[in-house]
Amino acid sequence: PDGTRLYVACETGARIAVVDPATGAVSDSWAAPEQPSGLTLNAGGAQLVVTSSSQQSKVTVLSTANGQAISTMTTGYGAMAPVLSPDGRTLYVCLRFNNAVAFLDPAAGKELRRVAVPREPVAMSGTPDGKFLVYNSNGLIFRIAAAGGEPQAIDTGSVKSCNNDHVLSADG
């Protein structure tokens, strides 16, 4: 990715807008399979992963060349906050209303496993080394090993109500 495209999930319009960040102009707009709830790019920037949040949420991989669907898979309720592993072989998705994180194989189009997590995971990122996922849930921040295991709360001290989002530094 060269930073010349900004992909925007337009939930109420069920579209993906492609915006030139330098000018703010919309250069393209693609139909989303359902109301999009999250986006992530693969490492090369050729594929855009789109989650949609419903009772039978869809995860769709689109070509960034033309917005066409490459693959679609169905997963749990309230899919959002997609994260690709550094090698691109595993896709992690928060299933907000299943209280779970899904581990998906995007190439095979199937769910590998689900890990139960505390109430309503909503935002997720992966460490640069691919070893951990960090997500927000019920005002707290948790981490879980990408290899599996139980979620562990991250001690944020007196800072509580950590809702909606977070970002990891590049050095993890």
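*Asks:* Would you mind showing me how to read the nonpolar core here?
*Replies:* Grouped together as the largest cluster of nonpolar side chains are 17 residues, with contacts concentrated most on Y92, V101, F103, M124, L133 and Y135. Setting aside residues up to four positions removed in sequence, Y135 forms contacts with V117, P118, P121, A123, M124, L140, I141, F142, I144, P151 and H166. Membership of the second largest hydrophobic core comes to 12 residues, among which are V61, V93, L95 and A102.

*Asks:* Before we go on, may I ask you to explain the sheet that holds strand 7 (residues 69–74) in this structure?
*Replies:* In a beta sheet, neighbouring strands are held together by backbone hydrogen bonds and run either parallel or antiparallel to one another. Here 4 strands make up an open sheet; going across it, the order is 4-5-6-7 and the pairing antiparallel. The open sheet has two edge strands with one neighbour each: strand 4 (36–41) and strand 7. Taken pair by pair, the neighbouring strands of this sheet meet at an average axis angle of 20°, ignoring direction. As defined by bridge partners, strand 6 (residues 58–63) adjoins strand 7 across 5 bridges and the pair is classed as antiparallel.

*Asks:* How should I be thinking about the pattern of salt bridges in this particular structure?
*Replies:* A side chain of one charge can pair with a side chain of the opposite charge if their charged atoms are brought near each other. Applying the stated criterion to the full structure yields 5 salt bridges. We note a salt bridge from E34 to K58, for which the minimum N-O separation is 3.5 Å. Of the two residues, E34 sits in the loop between strand 3 (26–31) and strand 4 while K58 sits in strand 6, which places them 24 residues apart along the sequence. In this structure K58 comes out as partly exposed when scored by relative accessible area, which is 27%. Salt-bridge contacts for E111 lead to R114; the nearest nitrogen and oxygen are separated by 2.7 Å. E111 sits in the partly exposed class, given a relative accessible area of 30%. Through salt bridges with shared partners, a single network forms among R96, R119 and E120.

Definitions and limits used
Residues numbered from 1 in each chain as written. Predicted model: local features only at pLDDT ≥ 70, side-chain atom pairs only at ≥ 80, totals over all residues. Heavy atoms only, no water. Core = buried A, V, L, I, M, F, W, Y, C linked by side-chain atoms within 4.5 Å. Buried < 20%, exposed > 50% of the residue type's maximum accessible area, 1.4 Å probe, protein only. Contact = heavy atoms within 4.5 Å. Pairing = 2+ DSSP bridges. Helix = DSSP H or I, 4+ residues; strand = E, 2+ residues; numbered from the N terminus. Axes fitted to C-alpha atoms, helices over the stretch in contact; angles between N-to-C directions. Salt bridge = Lys/Arg side-chain N within 4 Å of Asp/Glu carboxyl O.

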